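Remarks on the overall topology
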Amino acid sequence: MEIAISRIHYPVFSMGPGKRVGIWFQGCSIKCVGCISVDTWAENKHSVDINQVINLLNEWLPNSDGLTISGGEPFDQVEQLKTILSSARKHKQIDTLVYSGYEYEKLKSNLKNFDGLIDALISGPFDISQTQSLNLRGSDNQELIPLTRKGEDLVSAINGSGFNASSSPSIDLMYEGNTAWMAGVPNQVDINSLIEILKINNVDGVSTMDKRINKDKEYE
Ligand code: SF4
């Protein structure tokens, strides 16, 4: 089976409590205005044999606290998502956190097929008109929902006052060759400020944020 992956990384500290594996699925049919990850929207890109991903999970998960799956839209590749999570579940100590831009109500029937595989879900589209005050959520309409007993602990940890302390930063900075990229759920204003600071220092900064002002408009 092939799976389209934007990125897979370990260790990641900004996508949930502790030291985690982060997987960003490639392809998103939802296309929220202002999405910070436009680079993950295109479908039929970055396809790999799913066994390559599972091999990395088997290497990394024994030393991890959890797995976070984001995107892109993970439920746009529902069979692949299930295969990845089933494989991860063999590592008993980890918890699993999955993002989706679909509302929980829409996902409900699909979630029956994921019984016990997803400990907590962050669901709902990014809404640029909303405030952003909740840990790990890009906008406050997004719901953080426990789906297992372990998920209740995970949700408590994410909502706890200690989260986003130095042990759980809001951004991870990663390096690939001469490129640095960021993972996490940053404050949108901070991203623009960072790009401005980089520009002042003669460094090119690229934001993958959607620049449309509404869903029906093409890029300005
Ligand atoms: S926020 Fe998530 S669901 Fe919305 S367009 Fe971006 S990747 Fe897709």
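Read on for an overview of the structure. (Residues numbered from 1 in each chain as written. Predicted model: local features only at pLDDT ≥ 70, side-chain atom pairs only at ≥ 80, totals over all residues. Heavy atoms only, no water.)

1. Details of helix H4 (residues 149–159)
For clarity, the threshold we go by: Three exposure classes are used, based on accessible area relative to the maximum for each residue type with a 1.4 Å probe and protein chains only: buried under 20%, partly exposed in between, and exposed over 50%. A run of H or I in DSSP counts as a helix once it spans at least four residues, and a run of E counts as a strand once it spans at least two, with each numbered from the N terminus. The arc refers to the directions leading from the helix axis to the C-beta atoms. Two residues form a contact once any of their heavy atoms are found within 4.5 Å. Here a polar contact means two N or O atoms within 3.5 Å. Within protein one must be a hydrogen donor candidate and the other an acceptor candidate, and residues neighboring in sequence count only if both atoms are side-chain atoms.
Turning to H4, its buried residues number three or more, namely Gly151, Leu154, Val155 and Ile158. Taken down its axis, H4 places every buried residue within 100° of arc, on the same side. Where H4 is buried, its residues meet strand E2 (20–25), strand E5 (95–100), strand E6 (120–123) and strand E7 (143–146). Looking at where H4 begins, the residue whose side-chain oxygen comes 3.4 Å from the main-chain nitrogen of Lys150 is Thr148.

2. Digging into the sheet that holds E2
Defined as follows: When DSSP finds two or more bridges between two strands, those strands count as paired. For every element, the axis is a line fit to its C-alpha atoms; helices are fit only across the contacting stretch, and the angle between N-to-C directions ranges from 0 to 180 degrees.
The strand order across the open sheet formed by seven strands is E3-E1-E2-E4-E5-E6-E7, and the pairing between neighbours is mixed. Edge positions in the open sheet fall to strand E3 (47–49) and E7, since each of these has one partner strand only. Taken pair by pair, the neighbouring strands of this sheet meet at an average axis angle of 30°, ignoring direction. Pairing geometry for strand E1 (residues 2–12) and E3, over three bridges, is antiparallel. Within the sheet, the bridge partner assigned to Ala4 lies in E3 and is Ser47. In the packing of helix H1 (residues 50–60) onto the sheet, contacts are made with E1, E2, E3 and strand E4 (66–70), and the angle to E1 comes to roughly 15°. The sheet strands contacting H4 are E2, E5, E6 and E7, and the helix crosses E7 at an angle near 145°.

3. Things to note about the nonpolar core
Here is the rule we go by: To form a nonpolar core, buried Ala, Val, Leu, Ile, Met, Phe, Trp, Tyr and Cys residues must be joined to one another through side-chain atoms within 4.5 Å.
Residues Ile23, Leu67, Ile69, Phe75, Ile84 and Leu85 are the most contacted members of the largest nonpolar core, which totals 26 residues. Among the elements of the structure, E1, E2, H1, E4, helix H2 (78–88) and helix H3 (104–111) are those that each provide at least two residues to this core. When residues of this core are assigned to their parent elements, the largest contribution, five residues, is made by H1. When residues no more than four places from it in sequence are discounted, the contact partners of Ile69 are Ile23, Phe25, Pro74, Leu81, Ile84, Leu85, Leu97, Val98 and Tyr99.

4. Description of a nonpolar patch on the surface
To keep things clear, this is the line we draw: To count toward a patch, a residue needs a relative accessible area over 30% and no salt bridge; like charges are then connected within 9 Å, while nonpolar side chains (Val, Leu, Ile, Met, Phe, Trp, Tyr) are connected within 5 Å. Every accessible area reported is derived by Shrake-Rupley at a probe size of 1.4 Å, with residue values counting cover from the shown protein chains alone. The salt bridge criterion pairs a side-chain nitrogen of Lys or Arg with a carboxyl oxygen of Asp or Glu, the two atoms within 4 Å.
Residues Ile171, Leu173, Tyr175, Met182 and Leu194 make up a contiguous nonpolar surface patch of roughly 460 Å² in combined accessible area. Among the elements that line the nonpolar patch, the one with the most residues is strand E8 (residues 171–176), at three residues. In this fold, Leu173 is placed in strand E8. Overall, the relative accessible area of 48% leaves Leu173 in the partly exposed class.

5. A few points about the side chain of Glu73
Among the secondary structure elements, Glu73 is positioned in the loop between E4 and H2. A relative accessible area of 1% places Glu73 in the buried class. A distance of 2.9 Å separates polar atoms of two side chains, one belonging to Glu73 and the other to Ser100. Each residue touching Glu73, except ones within four places of it in the same chain, is listed here: Gly27, Cys28, Ile30, Ser100, Gly101 and Tyr102.

6. Overview of the environment of Cys32
For Cys32, the position within the fold is in the loop between E2 and E3. Considering only alpha carbons, one finds Cys32 and Val185, 153 residues apart in sequence, at a separation of 15 Å. The residues contacting Cys32, other than those within four sequence positions of it, are Trp41, Pro125, Phe126, Asp210, Arg212 and Lys215.

7. A look at the pattern of salt bridges
Under the criterion given, the structure shown has seven salt bridges. Across the salt bridge formed by Lys199 and Glu196, the nearest N and O atoms sit 3.7 Å from each other. Linking Lys199 with Glu196, this pair stays in helix H5 (residues 188–200), spanning three residues, or about one helical turn. Sharing partners across several salt bridges, the network here consists of Arg149, Glu152 and Asp153.

8. Observations concerning the site of the ligand
Rule in force here: A cutoff of 4 Å decides nearness: a residue is near a molecule or strand if any of its heavy atoms lies inside that distance of it. Gly is put with the polar residues, along with every residue not named as nonpolar or charged; the nonpolar set is Ala, Val, Leu, Ile, Met, Phe, Trp, Tyr, Cys and Pro, and the charged set is Asp, Glu, Lys and Arg.
Every residue lining the ligand is accounted for by Cys28, Ile30, Lys31, Cys32, Cys35, Trp41, Gly72, Gly101 and Phe126. For the shell around the ligand, a count of residues per class yields six nonpolar, two polar and one charged.

9. A short note on unusual backbone geometry
A cis amide bond, omega -5°, links Tyr10 with the succeeding residue Pro11. Note the cis peptide between Gly71 and Gly72, where omega equals 5°. Along the polypeptide, Gly72 turns up in the loop between E4 and H2. The phi torsion at Asn44 lies on the positive side, around 55°, for a residue other than glycine. Within the secondary structure, Asn44 is located in the loop between E2 and E3. Residue Leu136 is not a glycine yet carries a positive backbone phi of 65°.

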